[in-house]
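# Fold and contact review
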Amino acid sequence: MGQFITIPTPGMHCIGAYRADPAQTPRGGIVVVQEIFGVNAHIRRVVDDYAQAGYVAIAPALFDYVESGVELDYDEAGVARGRSLVAEVGFDRAVESVASAAQAIASAGRKGVVGYCWGGTVAFLSATRLGLPAVVYYGGRSVPFLDERAQAPLLFHFGERDPIITPEHVALHRQKQPQAEFHVYAAGHGFNCEMRADYEPTAAALARERTLAFFARELGGEA
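We now turn to the structure provided with this report. Source: prediction; values computed, not measured.

## Remarks on the state of the cysteines
If you walk through the whole model with that rule in mind, you get 0 disulfides. We note that C193 lacks a disulfide partner, and the nearest cysteine sulfur, in C117, lies 9.9 Å from it. The class for C193 is buried, based on a relative accessible area of 0%.

## So, the packing of aromatic side chains
This model, assessed by the stated rule, comprises 17 aromatic pairs. Summarising the aromatic geometry, the rings of Y137 and Y138 are spaced 5.9 Å apart at their centres and angled 75° between planes, so their arrangement reads as edge-to-face. Like Y137, the residue Y138 is buried in the burial classification.

## Considering the pairing of strand β3 (residues 29-33)
With 5 of 5 residues buried, β3 is to be regarded as a mostly interior element. Neither face of β3 is open: one carries G29, V31 and V33, the other I30 and V32, and all of them are buried. Here β3 runs beside strand β4 (residues 56-60); their pairing, made up of 3 bridges, is parallel. What sits directly across from G29, in β4, is V56. Chirality of the crossover, the property in question, places the unit of β3, helix α1 (residues 41-52) and β4 among those that are right-handed. Inspection of the sheet shows β3 paired to strand β5 (residues 111-116) by 5 bridges, in the parallel sense. When the bridges of β5 are listed, V32 appears paired with V114.

## Comments concerning the environment of T25
In this structure, T25 sits in the loop between β2 (13-20) and β3. Using a relative accessible area of 66% as the deciding quantity, one classes T25 as exposed. Considering only alpha carbons, one finds T25 and C117, 92 residues apart in sequence, at a separation of 30 Å.

## Things to note about the packing of helix α2 (residues 76-104) against helix α3 (residues 118-129)
The interhelical angle for the contact between α2 and α3, taken along N-to-C directions, is 40°, at an axis separation of 9 Å. Classed by the angle they form, the pair α2 and α3 counts as oblique. Of the two possible hands of crossing, α2 and α3 adopt the one that is right-handed. For the pair α2 and α3, contact is made by V86, V89, G90, F91, D92, A94, V95 and V98 and by W118, T121, V122, L125, S126 and R129, respectively.

## Examining the sheet that holds strand β1 (residues 3-9)
Pairing is mixed in the open sheet, where 8 strands are placed in the order β1-β2-β4-β3-β5-β6-β7-β8. Pairing within the sheet leaves two strands with one partner each, and these edge strands are β1 and β8 (181-185). Across the sheet, the mean angle from the axis of one strand to that of its neighbour is 20°, orientation sign disregarded. Note: strand β6 (residues 134-137) against strand β7 (residues 154-159), 4 bridges, orientation parallel. Within β7, the position partnered with Y137 by the bridge is H157. Sitting on the sheet, α3 is in contact with β3, β5, β6 and β7, with an inclination near 150° to β5. Sitting on the sheet, helix α4 (residues 167-176) is in contact with β7 and β8, with an inclination near 165° to β8.

Reading the values: rules and limits
- Residues numbered from 1 in each chain as written.
- Predicted model: local features only at pLDDT ≥ 70, side-chain atom pairs only at ≥ 80, totals over all residues.
- Heavy atoms only, no water.
- Disulfide = S-S within 2.5 Å.
- Buried < 20%, exposed > 50% of the residue type's maximum accessible area, 1.4 Å probe, protein only.
- Phe/Tyr/Trp six-rings, centres within 6.5 Å; stacked < 30°, edge-to-face > 60°.
- Helix = DSSP H or I, 4+ residues; strand = E, 2+ residues; numbered from the N terminus.
- Pairing = 2+ DSSP bridges.
- Right-handed = clockwise from strand over helix to strand, strands pointing away.
- Axes fitted to C-alpha atoms, helices over the stretch in contact; angles between N-to-C directions.
- Parallel < 35°, antiparallel > 145°, perpendicular 65-115°, else oblique.
- Left-handed = near helix turned anticlockwise from the far one by under 90°.
- Contact = heavy atoms within 4.5 Å.

Here it is in structure tokens:
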């Protein structure tokens, strides 16, 4: 359904992005922010899924600042390489790239962001710094930024068995962002990803339903 395109970012740097368009008039636009494994087959499926739901969807290839075409395995080596690339890219450039991706789909109408793992924190920062409605799936790096004031609605998804995001961290999210919508599932970290060992299809389906309801409410468009 989708295709790879190139988008400009600040500093005259161009990065790749995977974009998919709906068959009908768009209900809005959604920027999909990757995990630490790149714009891989899973993220491309997520983009295609949002397009099938009626949105123009785009996933900027954030690792292109360092190395193009990165798709990592969900193993120890992939995690180590992904963490290294995340540190090189940094949050500031990641958020700038979300803004660039949103601009690339400006014709879609109102736009929102959804992010997973590292991308979940980028999505959160897109709400605080860009004013874009955001859905955060298990954003494990958000704690240092929780004092930032959200400029747009937020929806958080957490897994109660997540070894990375403790119950104390979830409680801190609720305390610091009391206006946000929260859901906790009987699942671990990465429960939305069918390529992970912690994939939990029941939780993923319910989170998707709630995410689509959030975007229908915040972006408009007929259901």
